[in-house]
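# A closer look at the structure
Spelled out from the first residue to the last, the chains are:
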Amino acid sequence: METKSVAIVGAGVSGLAACKHLLERGCRPTVFEADTVLGGVWAHVPDCTRLQSPRPMYQYSDFPWPESVTEMNPDHLQVLDYLNAYARRFSVLDCVRFGHRVVGMEYVGVDEETVATWE
């Protein structure tokens, strides 16, 4: 079976998770991140920013917060540390191309009717 190459735009919370799951399925994901760091919006928030939702509601299902984070609403630096730890744990960092801004894309593949039949 052919190994699928998949492009992911952004190394934020969702981009990291998408990359991790694609790696588990044997794909070759490439994450294009315009910034020089991962974390998406978390990398550019005011210092006073904290999670709005409780910590247990803002975690990956397969990667709990470290025991050292006891605050119910961790601050942005703790969130960035958590995201970096996730990326390291699941070898996502090797797939990220920092400093690569996506300015456009075009779909090349099967027609819409075929896609609609996929499960």
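Note that the structure is predicted; figures quoted are calculated from it, not measured. The numbering scheme is per chain: residues are counted from 1 as the chain's sequence reads. Totals for whole chains, interfaces and linings use every residue, but because this is a predicted model, local features are given only for residues with pLDDT of at least 70 and side-chain atom pairs only at 80 or more, for both listing and counting. Only hydrogens and water are set aside; all other atoms, that is, all heavy atoms of the structure, feed into the side-chain values.

## Section: the overall build of the protein chain
In this description a helix means any DSSP run of H or I spanning at least four residues, a strand means any run of E spanning at least two, and both kinds are numbered starting from the N terminus. Tallying secondary structure elements over the protein chain gives three helices and three strands in all. Along the protein chain, helices and strands appear, N-terminal first, in the series β-α-β-α-β-α. Overall size of the protein chain, expressed as C-alpha extent along the three principal axes, is 50 × 30 × 25 Å. Exposed residues in this analysis have more than 50% of their type's maximum accessible area, buried residues have under 20%, and partly exposed residues fall in between, with area computed by a 1.4 Å probe over protein chains only. Here the protein chain, with 119 residues, has 32% of them falling under the buried criterion. Whether two residues are in contact is decided by their heavy atoms, any of which lying within 4.5 Å being enough. Taking as baseline every contact in the protein chain between residues at least 6 positions apart, the subset at least 24 positions apart corresponds to 53%. Surface accessibility of the protein chain: about 8200 Å² in total, with carbon and sulfur atoms responsible for 55%. Residues counted as positive are Lys and Arg, residues counted as negative are Asp and Glu, and His and the chain ends are not counted. We put the charge of a Lys on NZ, of an Arg on CZ, of an Asp on CG and of a Glu on CD. For the protein chain, the distance from the average position of its 10 positive side-chain charges to the average position of its 16 negative side-chain charges is 6 Å. Only the protein chains shown count as cover for residues, and the accessible areas themselves come from Shrake-Rupley with a 1.4 Å probe.

## Points about the pattern of salt bridges
Any Lys or Arg side-chain nitrogen found within 4 Å of a carboxyl oxygen on Asp or Glu counts as a salt bridge. A full pass over the atoms with the stated rule returns three salt bridges. As a salt-bridge pair, Lys20 and Glu24 come within 2.6 Å of each other at their nearest N and O atoms. A residue pair is termed a helical-turn pair when its members lie 3 or 4 positions apart in one helix, as Lys20 and Glu24 do in helix α1 (residues 13-24) at four residues. With a relative accessible area of 4%, Lys20 lands in the buried category. The salt bridge involving Glu24 is made with Arg25; its shortest N-O contact spans 4.0 Å. The class of Glu24 is partly exposed, set by a relative accessible area of 49%. A cluster of three or more residues bridged by salt bridges with shared partners is formed by Lys20, Glu24, Arg25 and Asp62.

## Examining the packing of aromatic side chains
The criterion for an aromatic pair is that two Phe, Tyr or Trp rings (for Trp, the six-membered ring) have centres within 6.5 Å, with stacked assigned to planes under 30 degrees apart, edge-to-face to planes over 60 apart and tilted to the rest. A complete count under the given rule lists eight aromatic pairs for this structure. Ring centres of Phe63 and Tyr82 lie 5.5 Å apart, and the angle between their planes is 40 degrees; this geometry places the pair in the tilted category. Of the two residues, Phe63 sits in the loop between β2 (28-33) and α2 (76-89) while Tyr82 sits in helix α2, which places them 19 residues apart along the sequence. By the burial criterion, Phe63 is buried, and Tyr82 matches it. Clustering of aromatic rings is evident, with ring pairs tying together Tyr60, Phe63, Trp65, Tyr82, Tyr86 and Phe90. Geometrically, a charge over a ring is one whose NZ (Lys) or CZ (Arg) sits within 6 Å of the ring centre while staying within 35 degrees of the ring normal. Positioned above the aromatic ring of Phe90 is the side chain of Lys20, whose terminal nitrogen or guanidinium carbon lies 4.7 Å from the ring centre.

## Describing the pairing of β2
The two faces of β2 differ: Pro29, Val31 and Glu33 on one face are buried, but Arg28, Thr30 and Phe32 on the other face are not. For two strands to be treated as a pair, DSSP must find at least two bridges joining them. Bridging between strand β1 (residues 5-9) and β2 involves five bridges; their strand directions are parallel. Residue pairing for β2: Ala7 is matched across the bridge by Thr30. Across three bridges, β2 lies against strand β3 (residues 96-98) in parallel orientation. The residue bridging Phe32 from the neighbouring strand is Arg97, located in β3. By convention a crossover is right-handed if, when the strands point away from the viewer, the path from the first strand over the helix to the second runs clockwise. Each parallel crossover has a hand, and the one from β2 via α2 to β3 is right-handed.

From the geometry alone we can't say anything about function, so treat these as descriptive.
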